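# Survey of secondary and tertiary structure
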Amino acid sequence: MKIYEKAPAKINLMLDVLHKRPDGFHEVEMVMTMIDLADRLEMSEQKRDTIIITSQAGYIPLDEKNLAFQAARLIKERYDVRKGVHIHLDKKIPVAAGLAGGSSDAAATLRGLNRLWGLNIPKEELLKLGAELGSDVPFCVSGGTALATGRGEVLKPIPSPPQCWVIVAKPPINVSTAEVYGRLRSDQIQAHPSAERMIGALEQGSFHQMCKELGNVLEEVTLKMHPEVQQLKEGMLKLGADGALMSGSGPTVFGLVSRESKVARIYNGLRGFCKEVYAVRLLTGNA
Ligand SMILES: C[C@](O)(CO)[C@H](O)COP(=O)(O)OP(=O)(O)OC[C@H]1O[C@@H](n2ccc(N)nc2=O)[C@H](O)[C@@H]1O
Ligand SMILES: Nc1ncnc2c1ncn2[C@@H]1O[C@H](COP(=O)(O)OP(=O)(O)OP(=O)(O)O)[C@@H](O)[C@H]1O
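Residues numbered from 1 in each chain as written. Chains lettered and ligands numbered in written order. Predicted model: local features only at pLDDT ≥ 70, side-chain atom pairs only at ≥ 80, totals over all residues. Heavy atoms only, no water.

The environment of ligand 2 is formed by 20 residues, the closest being Lys91, Ala96, Gly102, Asp105 and Asp136. Contact distances for ligand 2 include 3.1 Å between an oxygen atom and a side-chain N or O atom of threonine 177. In isolation ligand 2 exposes 610 Å². Once the protein is present, 79% of that is buried. Per-element tally for the shell around ligand 2: the top contributor is helix α2 (residues 101–116), with four residues. Here the shell around ligand 2 is built from residues that sort into nine nonpolar, six polar and five charged. (Near = heavy atom within 4 Å. Polar contact = N/O pair within 3.5 Å; in protein donor to acceptor, adjacent residues only side chain to side chain. Areas by Shrake-Rupley, 256 points an atom, 1.4 Å probe, with all protein chains shown as cover. Helix = DSSP H or I, 4+ residues; strand = E, 2+ residues; numbered from the N terminus. Nonpolar A, V, L, I, M, F, W, Y, C, P; charged D, E, K, R; others polar.)

What follows concerns the domain arrangement of the chain. Looking at the chain, the domain boundaries give domain 1 (2–157) and domain 2 (165–281). The interface of domain 1 with domain 2 comprises 27 residues on the first partner and 34 residues on the second. When domain 1 packs against domain 2, close to 2200 Å² is buried across both sides, 66% of that on carbon and sulfur atoms. For the domain 1 face of the interface with domain 2, the top three residues by lost area are Leu13, Met14 and Leu15, together amounting to 24%. Joining domain 1 to domain 2, the criterion identifies zero salt bridges. Remark: the boundary between domain 1 and domain 2 carries nine residue pairs in polar contact (both at pLDDT 80 or more). At the level of secondary structure, the elements contributing two or more residues to the side of domain 1 that touches domain 2 comprise β1 (2–20), β2 (26–46) and β5 (145–149). Looking at the side of domain 1 that touches domain 2, the element that brings in the most residues is β1, giving 11 residues. Looking at the side of domain 1 that touches domain 2 residue by residue, the class counts come to 16 nonpolar, five polar and six charged. (Domains from an automatic or database assignment. Contact = heavy atoms within 4.5 Å. Buried area = accessible area lost by both parts, 1.4 Å probe. Salt bridge = Lys/Arg side-chain N within 4 Å of Asp/Glu carboxyl O.)

Dropping the structure here:
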C-alpha cells in the first residue's frame, strides 16, 4: 500500500520570548499559521523491517538525522510496529529557512504512518510524540492557526487570518536556530510584540491590524548577524508589501499583500537580489 501526505510550511505572525528556562529552552508566545508551500511525502510499505528515506533534494540528510526518519523510528518503537516503510520526500520548502520544513515532514510522517499502519493513535498522542521530535512539530501536526506557548508545544486554536498573498524570500545564508536563541538576551528585549493584540486583529478579521501587529524578537539577533536580511525586509516593504517579517529564527522573510495586482511587482523586484522567492496563499484563511 502507498499513501501521500502534504507537509506545509509555517510562518510566525508574531514571536515573543518571555524568558530562558532552566532546561535551556525559551518560554515563547507565538502566533503561527500555515502557507500553501508544501513538501509532499509518499509512504510505501516495505517487506523488510527498515526505514528508507529518499528525496529529490540533494542537500538534506537521508539517515537518522532526517526528522522524517526520527518520526518513523519513534512511532515504530512506541507502538511496537515490526514493519518497514519507504518515505520519499518531494522537497519544496526551502531548507533551514525558518519555515519548519523538517518539522512539517516529521508531523506528516506521524499522520501518514498512523494511517498506513492502521494504528488509530489519537491526535493528542500524536501531538505528544511530535513534541519529542522538536518544538515546532506539534503545531505542524495540528495545522491551522494557533497560539503556541511553552517552548512552542502548548497549542490553542485561534481564528485564521484574513486571506491574502504571502511572498516568501529566502536569502542564501544559513542560520542555526540554537545559535539565534543562544545569542538572544531575553532580559534586554526592547519591544515585545503582543499575542493578545495579534489575536484581536485575527478575531476582527482585520488585515490592516494584523500587518501592524507583526513582530518577532528573534529578528534583532539574526538581522545583526546578517544585515542582508534587514535589506530584504526593507526591499519587501519598499516594493509595496503591506507588512513584512522574518519567520522563526530566519533567514526567510515573508511579506503580506492584500491586492493581487501588487504581487507580480514585488515578486519580480525581489528576484533581482534573491533566488528563492515564492508567491503563495495562506493555507487556512477564509477564501
Ligand atoms: C524558531 C522557531 O522555529 C519558531 O517557530 C521555533 O521556536 C524553533 O523550533 P524548532 O526548530 O522545532 O526547535 P527545536 O528543534 O526544538 O530546538 C532547536 C534549538 O532551539 C532552541 N530553542 C528552541 C525552542 C525554544 N522554545 N527555545 C529554544 O531555546 C534550543 O537551543 C534548541 O536546542
Ligand atoms: N526532512 C527534512 N527536511 C529538511 N531538513 C531536514 C530534514 N530532516 C533533517 N533536516 C535537517 O534539519 C536542518 C533544519 O532544516 P529545516 O528545514 O527543518 O529548518 P527550519 O526551516 O529552520 O526549521 P524551524 O523553522 O523548525 O527551525 C537542515 O539543516 C537539515 O540538515
